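What the coordinates show
Residue-level listing of the chains:
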Amino acid sequence: MPRIAYVNGRYVKHSDAMVHVEDRGFQFADGVYEVCEVRHGFIVDLTRHLDRLGRSLGELQIAWPMSRGALTNVIRETLRRNHVHNGLFYLQVTRGVARRDHVFPAAGTRPSIVVTAKSTDPSVIAAKNAKGIKAITVPDNRWDRVDIKTVGLLPNALARQKAKEEGAQEAIFIDTDGMVKEGAATNVWIVDTQGTLVTRPSEHGILRGITRTTLIDVAGTLGLPVTERFFSVEEMMNAREVFITAATSICFPVVSIDGRTIANGHPGTVSQNIREAFFDVAEKTAI
Ligand code: PDD
């Protein structure tokens with residue numbers, strides 16, 4: 001069965017899915033994106049993902065490529081055409097196609113829109129959860145508007161590559177004060193020595209992850225205390241648990257950072273309990 005992508009108004013074979021060479025996403029990373037999980041035939045937290053898309057577009061003064069309702073229909077249709085039951089969709093909107101010039105193109109230039117979808121194997125995610133993952137720390141060398149979910153991800157890609165070369169699966173960005181920011185494609189959490197769930201405030205140099213937001217709701221239903229505050233690398237190394245969150249992986253336990261074992265080196269119970277409760281709390285939209 002061929003994969004199908006939606007590109008600027010048409011459903012095309014994935015292998016034929018193209019954007020123009022002068023698309024501003026290609027030339028300037030002048031675009032935004034969302035990645036959203038699909039689980040058991042339901043889109044997870046669609047409302048929050050579309051809300052964040054709207055915020056990202058607004059911050060960059062890019063127009064919605066179509067109405068929110070129409071976009072939801074395109075997402076659903078792309079998922080249906082790819083027979084996704086468990087997996088994800090990827091959505092990207094750029095400022096559109098224009099002769100190369102740093103300043104914005106003429107008003108009325110149509111934003112480009114691409115939606116792709118793919119199936120994932122839940123057993124691969126389950127295996128990672130059972131074992132936990134390894135991470136490294138890296139200095140944060142990104143711009144200061146990482147709260148906007150732009151496609152300008154070169155520092156993130158380089159950090160993930162470095163992690164891979166060092167036998168780890170995630171790189172954790174650290175600020176100049178030695179405080180933990182977030183992962184290359186995840187938010188970072190600890191369970192501190194008091195048993196409180198801690199994550200960095202989203203106003204300060206991180207992306208406000210949708211999984212992060214829903215996880216705060218999940219913690220509420222489980223009666224787990226949550227604090228949004230800064231925490232240092234040292235505090236993370238000595239935490240009861242460390243885990244990372246993102247759509248499609250929910251929460252992966254981190255059992256080693258920079259070669260140092262976290263707690264007893266095994267996934268903790270708090271992240272497991274949260275993972276098990278997550279889909280009961282998250283919003284589910286039928287495909
Ligand atoms: N990444 N921080 C960064 C830098 C991210 O790229 C992501 C998501 C997150 C978690 O956000 P959410 O919970 O909304 O997925 C935090 C996606 C999955 C990606 O780039 O593939």
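Throughout this document, residue positions are counted from 1 along each chain, in the order its sequence is written. Given that the model is predicted, a residue must reach a pLDDT of at least 70 before its local features are reported, and side-chain atom pairs must reach 80 or more before they are shown or counted; all residues, however, enter totals for whole chains, interfaces and linings. With hydrogens and water stripped out, all remaining heavy atoms of the structure feed into the side-chain values.

1. Some thoughts on the domain arrangement of the chain
Start and end points for every domain follow an automatic or database-based domain assignment. Examined at the domain level, the chain breaks down into domain 1 (4-120) and domain 2 (125-286). One C-alpha centre belongs to domain 1, the other to domain 2, and the line joining them spans 26 Å. By definition, the buried area sums, over both parts, the 1.4 Å-probe accessible area that each loses when the two are put together. Taking both sides of the interface into account, the surface hidden between domain 1 and domain 2 amounts to around 2,300 Å²; carbon and sulfur atoms contribute 58%. Any Lys or Arg side-chain nitrogen found within 4 Å of a carboxyl oxygen on Asp or Glu counts as a salt bridge. For the pair domain 1 and domain 2, the interface holds three salt bridges. Put simply, arginine 55 and aspartate 147 hold a salt bridge, and the shortest N to O gap is 2.8 Å.

2. Looking at helix H6 (residues 210-222)
Taking 1.5 Å per residue, 13 residues should reach 18 Å; H6 reaches 18 Å between its end C-alpha atoms and fits that length. Burial status follows relative accessibility: with a 1.4 Å probe on protein chains alone, a residue under 20% of its type maximum counts as buried, one over 50% as exposed, and anything between as partly exposed. The helix count covers DSSP runs of H or I at least four residues long, the strand count covers runs of E at least two residues long, and both are numbered beginning at the N terminus. What H6 keeps buried is the set Ile210, Thr211, Arg212, Thr214, Leu215, Val218 and Ala219. Following H6 by one or two positions, glycine 223 has its phi on the positive side, about 75 degrees. By this rule the span expected of a helix is its residue count minus one, scaled by 1.5 Å.

3. Examining the sheet that holds strand S6 (residues 112-119)
Pairing between strands requires that DSSP locate at least two bridges from one strand to the other. Read from one edge to the other, the open sheet built from seven strands follows the order S2-S1-S6-S5-S3-S4-S16, with strand pairing classed as antiparallel. Each edge of the open sheet carries a strand with a single partner, namely strand S2 (10-13) and strand S16 (284-286). The sheet shows a mean angle of 25 degrees between the axes of neighbouring strands, direction not considered. Where strand S3 (residues 31-39) and strand S5 (residues 87-94) come together, eight bridges link them in antiparallel fashion. Considered in S5, the bridge of glycine 31 is made with threonine 94. Contacts were defined at the residue level, with two residues in contact if any of their heavy atoms lie within 4.5 Å. To get an axis, fit a line to the C-alpha atoms, keeping to the stretch in contact for a helix; angles then go from 0 to 180 degrees between the N-to-C directions. This element, helix H3 (residues 68-81), spans strand S1 (4-7), S2, S3, strand S4 (42-44), S5, S6 and S16 of the sheet and lies at about 35 degrees to S6. In the packing of helix H8 (residues 269-281) onto the sheet, the strands contacted are S3, S4 and S16, and the crossing angle to S16 comes to about 55 degrees.

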